[in-house]
Amino acid sequence: TPEEVKMSIHYTFERWTRLQNLSYKFGKEKASVTEYEKVTLINLHLNGNLFLLSTDPGADYMDIISKVNSIITDFQN
């Protein structure tokens, strides 16, 4: 539902904001993946923006992340 999507985005943004406090130690977060039974959520951090994707469980999320990053890089050039 639209309300559930809003909640998911809100929680993702909260988590991302909290982890920014550790960026001095780990560097900037580039991507995160959360696997649930019914969906896999992929969060990409591109140019200070949060890009959210959802996939079916078992999807090759590393391939998805690589392809999205490639598309973004091509678009910026």
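Nothing here was measured: the structure is a model prediction, and the numbers come from that model.

Participant: Got a minute to help me understand the sheet that holds strand β1 (residues 31-35) in this structure?
Facilitator: Pairing between the strands of a sheet is mediated by backbone hydrogen bonds and can be parallel or antiparallel. As summarised here, the arrangement of the 3 strands in space is β1-β2-β3, forming an open sheet in which the pairing is antiparallel. Every interior strand has two partners, whereas the edge strands, β1 and β3 (49-55), have only one. Across the sheet, the axes of successive neighbouring strands diverge by a mean angle of 15°, strand direction being ignored. Here strand β2 (residues 40-46) runs beside β3; their pairing, made up of 7 bridges, is antiparallel.

Participant: Sorry, what's going on with a nonpolar patch on the surface here?
Facilitator: A cluster of nonpolar side chains, Leu-19, Leu-22, Tyr-24 and Phe-26, forms an exposed patch at the surface whose accessible area comes to about 470 Å². Following the sequence through the fold, Phe-26 ends up in helix α2 (residues 23-26). Assessed through its relative accessible area of 65%, Phe-26 is described here as exposed.

Participant: Where do I start with the nonpolar core in this structure?
Facilitator: The nonpolar side chains of a soluble globular protein tend to be buried with one another. With 5 residues, the main nonpolar core is built from Ile-42, Leu-44, Leu-46, Ile-65 and Val-68. If you list the elements that add at least two residues to this core, you get β2 and α3 (61-76). Here Leu-46 is in contact with Phe-51, Asn-69 and Ile-72, once residues within four sequence places are set aside.

Participant: Got a minute to help me understand the confidence of the model for the chain in this structure?
Facilitator: Detailed reading of the predicted model is not advised wherever pLDDT is low. Of the residues in the chain, 99% reach a pLDDT of 70 or more, and the chain-wide mean stands at 85. Looking over the chain, one finds the lowest element-wise mean pLDDT in helix α1 (residues 2-19), namely 84, and the highest in β1, namely 88.

Participant: Would you mind going over the pattern of salt bridges with me for this structure?
Facilitator: Opposite charge on two side chains makes pairing possible when the charged atoms of those side chains draw close. Taken as a whole and assessed by the stated rule, the structure comprises 2 salt bridges. Across the pair Arg-15 and Glu-29 runs a salt bridge whose closest N-O atoms are separated by 3.4 Å. With Arg-15 in helix α1 and Glu-29 in the loop between α2 and β1, the pair connects residues that are 14 residues apart, well separated along the chain. Between Asp-63 and Lys-67 there is a salt bridge whose closest N-O contact spans 3.2 Å. Within this pair, Asp-63 and its partner Lys-67 are both found in helix α3, separated by 4 residues, close to a single helical turn. When its relative accessible area of 32% is taken as the criterion, Asp-63 is described as partly exposed.

How each quantity is defined
Residues numbered from 1 in each chain as written. Predicted model: local features only at pLDDT ≥ 70, side-chain atom pairs only at ≥ 80, totals over all residues. Heavy atoms only, no water. Pairing = 2+ DSSP bridges. Helix = DSSP H or I, 4+ residues; strand = E, 2+ residues; numbered from the N terminus. Axes fitted to C-alpha atoms, helices over the stretch in contact; angles between N-to-C directions. Patch = residues over 30% accessible without salt bridge, like charges linked within 9 Å, V, L, I, M, F, W, Y side chains within 5 Å. Areas by Shrake-Rupley, 256 points an atom, 1.4 Å probe, with all protein chains shown as cover. Salt bridge = Lys/Arg side-chain N within 4 Å of Asp/Glu carboxyl O. Buried < 20%, exposed > 50% of the residue type's maximum accessible area, 1.4 Å probe, protein only. Core = buried A, V, L, I, M, F, W, Y, C linked by side-chain atoms within 4.5 Å. Contact = heavy atoms within 4.5 Å. pLDDT = per-residue confidence, 0-100.

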